[in-house]
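# Close look at the chain arrangement
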Amino acid sequence: MDMDTIDPAAASTARYSRGAILMHWLIALLIIGNVLGAWVSEDMPKPDRAAIMGLHKAFGITILLLTIARIVWRLMHRPPPMVETLKAWEAALARVTHWLFYILMLALPLTGWAFVSGASQGKPVSMFGLFNMPALPVGFDKATVGTFKDLHGTLGTLIVALFVLHVAGALKHQFLDRDGTLRRIVPFLK
Ligand code: HEM
Ligand code: HEM
């Protein structure tokens, strides 16, 4: 369907492209896994915690690389027009939420990587044992390392809060407004 001709019926049924949908759900799963991994491993014995956090770091850097690709692609492709029945505040809130997500999806892995780089005094990060990513050039002093650690924790809490808001919005549009918003990003929904 040609989206340049403004046909309201077509616009309201428009979906994100396959690639955008794939990226959305792949990155969403990886972020959820990373948050849960950090949380559930917190009180585990050291070797178990280290194994899970090894995956946390490698998946985290994977999220960073995927997010850079996604943002570049997003800046070159316009998403389908928003559902027309959205109120102005709903559209504005959705936009702010989405761009805050993108910022956090960059800042969260970067602060984690910076923290680990400083805490390990410049050791590279193993990517699933396949290859290494070099340490980021940050200071090894306690203050710097502590700042990145705190930032990473705070941004982690923020992305969880944003996630709750985002999912609440999706469910509101699906079950209260019934306006087809969720269908835009879930390929099999009718
Ligand atoms: C950590 C997990 C998630 C992240 C980081 C995330 C992030 C995003 C971002 C950045 C967009 C905007 C895409 C764009 O236009 O550039 C988006 C759209 C959307 N997401 Fe998520 N999402 C997550 C999980 C979910 C979940 C679990 C649901 C459903 C329950 C969901 C439902 C939606 C919907 C319906 C849209 C389209 C909104 C619209 O039509 O404007 N997302 N998501
Ligand atoms: C989008 C990707 C990421 C997400 C969603 C994420 C999320 C989190 C969360 C929620 C915590 C728990 C914070 C707390 O409660 O104190 C955490 C801890 C941690 N993260 Fe990440 N993280 C990501 C990427 C990374 C990366 C790329 C690295 C390193 C290369 C990393 C290294 C760590 C470490 C070492 C901890 C434990 C900090 C401590 O000892 O208290 N994270 N992360």
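As a reminder, the structure under discussion sits directly above these lines.
Values in this document were obtained by computation on a predicted structure and should not be read as measured data. (Residues numbered from 1 in each chain as written. Chains lettered and ligands numbered in written order. Predicted model: local features only at pLDDT ≥ 70, side-chain atom pairs only at ≥ 80, totals over all residues. Heavy atoms only, no water.)

Below, the discussion takes up the site of ligand 1. Neighbouring ligand 1 are 19 residues, the closest being His24, Arg74, Tyr102, His166 and Arg184. In this structure, a nitrogen atom belonging to ligand 1 sits 2.8 Å away from a side-chain N or O atom of histidine 24. Only helix H2 (18–40), helix H3 (46–76), helix H4 (88–119) and helix H5 (142–177) provide two or more residues apiece to the shell around ligand 1. Residues that form the shell around ligand 1 fall into these classes: twelve nonpolar, four polar and three charged. (Near = heavy atom within 4 Å. Polar contact = N/O pair within 3.5 Å; in protein donor to acceptor, adjacent residues only side chain to side chain. Helix = DSSP H or I, 4+ residues; strand = E, 2+ residues; numbered from the N terminus. Nonpolar A, V, L, I, M, F, W, Y, C, P; charged D, E, K, R; others polar.)

On to H3. The end-to-end C-alpha separation of H3 is 45 Å, in line with the 45 Å expected for 31 residues at 1.5 Å each. Along H3, the residues classified as buried are Met53, His56, Ala58, Gly60, Ile61, Ile63, Leu64, Thr67, Arg70 and Ile71. Buried positions along H3 lie against H2, H4, strand S1 (125–127), strand S2 (131–133) and H5. (Expected span 1.5 Å × (residues − 1). Buried < 20%, exposed > 50% of the residue type's maximum accessible area, 1.4 Å probe, protein only. Contact = heavy atoms within 4.5 Å.)

Ligand 2 sits among 20 residues. The nearest are Met53, His56, Leu108, Lys149 and His152. At 3.1 Å, a side-chain N or O of lysine 149 approaches an oxygen atom of ligand 2. Contact distances for ligand 2 include 2.8 Å between a nitrogen atom and a side-chain N or O atom of histidine 152. Elements represented by at least two residues in the shell around ligand 2 include exactly H2, H3, H4 and H5. No other element matches the seven residues that H3 contributes to the shell around ligand 2. Here the residues of the shell around ligand 2 are counted per class, giving eleven nonpolar, six polar and three charged.

Geometry of an aromatic ring pair is reported as the spacing of the ring centres plus the angle between the planes. For the coordinates displayed, the defined rule picks out two aromatic pairs. With a centroid separation of 4.8 Å and 70° between ring planes, the pair formed by phenylalanine 59 and phenylalanine 128 is classed as edge-to-face. Within this pair, whereas phenylalanine 59 is found in helix H3, its partner phenylalanine 128 is found in the loop between S1 and S2, the two being separated by 69 residues in sequence. Classification of phenylalanine 59 by relative accessible area gives partly exposed; the value is 30%. Taking 5.0 Å as the distance between ring centres and 55° as the angle between the ring planes, the aromatic pair formed by tryptophan 99 and tyrosine 102 counts as tilted. (Phe/Tyr/Trp six-rings, centres within 6.5 Å; stacked < 30°, edge-to-face > 60°.)

Bound to the iron atom of ligand 1 on the protein side are His24 (NE2) and His166 (NE2), at distances that span 2.0 Å. Taken together, the six donor atoms coordinating the iron atom of ligand 1 and their angles of 87 to 179° define a geometry best described as octahedral. Of this pair, histidine 24 sits in helix H2 while histidine 166 is found in helix H5, placing the two residues 142 residues apart along the sequence. Taking the relative accessible area as the measure of exposure, histidine 166 reaches 26% and is therefore partly exposed. (Donors = N, O, S within 2.8 Å, 3.2 Å for Na, K, Ca; no water. Tetrahedral: all angles 85-135°; square planar, octahedral: opposite > 155°, others 65-115°.)

Packing of H4 against H5 leaves a shortest axis separation of 8 Å and a crossing angle of 150°. As summarised for this structure, H4 and H5 are arranged roughly antiparallel, according to the angle between their axes. When you trace H4 past H5, the crossing you get is left-handed. Classifying every residue of the contact of H4 with H5 by side-chain character gives 19 nonpolar, nine polar and four charged. (Axes fitted to C-alpha atoms, helices over the stretch in contact; angles between N-to-C directions. Parallel < 35°, antiparallel > 145°, perpendicular 65-115°, else oblique. Left-handed = near helix turned anticlockwise from the far one by under 90°.)

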